[in-house]
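So you can see what is in the structure, the chains are spelled out below.
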Amino acid sequence: MIGYIEVYLSFPTSDNIYIPFFYITDPYKNKDYKEDVLACLIEAFGTENYKTVSVYTALKTWKDLAFWQSCGFDTILSVETDSTNTEHSYGYIELQYII
């Protein structure tokens with residue numbers, strides 16, 4: 001298995017594609033598969049009257065955020081943080097790409 005993506009069409013609005021989970025296994029992480037899958041998804045559904053794509057992702061490292069920004073997800077919809085704010089906790093961010 002190369003990876004797993006979970007996609008909801010028309011959620012939370014009828015013109016949005018929602019990705020709450022996107023994972024590429026370790027042997028394939030540095031091979032641009034994630035970028036290729038996102039590009040294909042956006043291209044395919046962009047012709048189906050979807051106007052936005054939203055992702056919900058953990059902020060474990062700045063590299064995670066930089067990846068999504070490099071793919072065009074540059075609008076922040078929400079940010080959640082753990083109230084303990086320790087070195088072992090992290091936050092979540094919801095980002096949006098406009099097709």
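Our subject is the structure listed above.
Residues numbered from 1 in each chain as written. Predicted model: local features only at pLDDT ≥ 70, side-chain atom pairs only at ≥ 80, totals over all residues. Heavy atoms only, no water.

1. Some remarks on helix H2 (residues 62–70)
Alright, step 1. Listed as buried for H2 are Leu65, Phe67 and Trp68. For H2, the angular spread of buried residues about the axis comes to 155°, placing them on one side. In H2, those exposed residues whose orientation departs by more than 90 degrees from the buried face are Trp62, Lys63 and Ser70.
Alright, step 2. At its buried positions, H2 is contacted by strand E2 (16–24), helix H1 (33–46), strand E3 (52–59) and strand E5 (91–98).
Alright, step 3. Downstream of H2 by a residue or two, Gly72 has a phi angle that is positive, lying close to 95°. (Buried < 20%, exposed > 50% of the residue type's maximum accessible area, 1.4 Å probe, protein only. Helix = DSSP H or I, 4+ residues; strand = E, 2+ residues; numbered from the N terminus. Arc of directions from axis to C-beta. Contact = heavy atoms within 4.5 Å.)

2. Quick notes on the pairing of E3
Alright, step 1. Here E3 lies mainly inside the structure; six of its eight residues are buried.
Alright, step 2. With four bridges connecting them, E2 and E3 associate as parallel partners. Opposite Tyr18, over in E3, you have Ser54 as the bridge partner.
Alright, step 3. You can see the chain leave E2, run along H1 and come back into E3, and the turn it takes is right-handed.
Alright, step 4. Direction of pairing for E3 relative to E5: antiparallel, over a ladder of eight bridges. Bridge pairing links Tyr56 to Glu94 in E5. (Pairing = 2+ DSSP bridges. Right-handed = clockwise from strand over helix to strand, strands pointing away.)

None of the figures reported here should be taken as evidence of function without further support.
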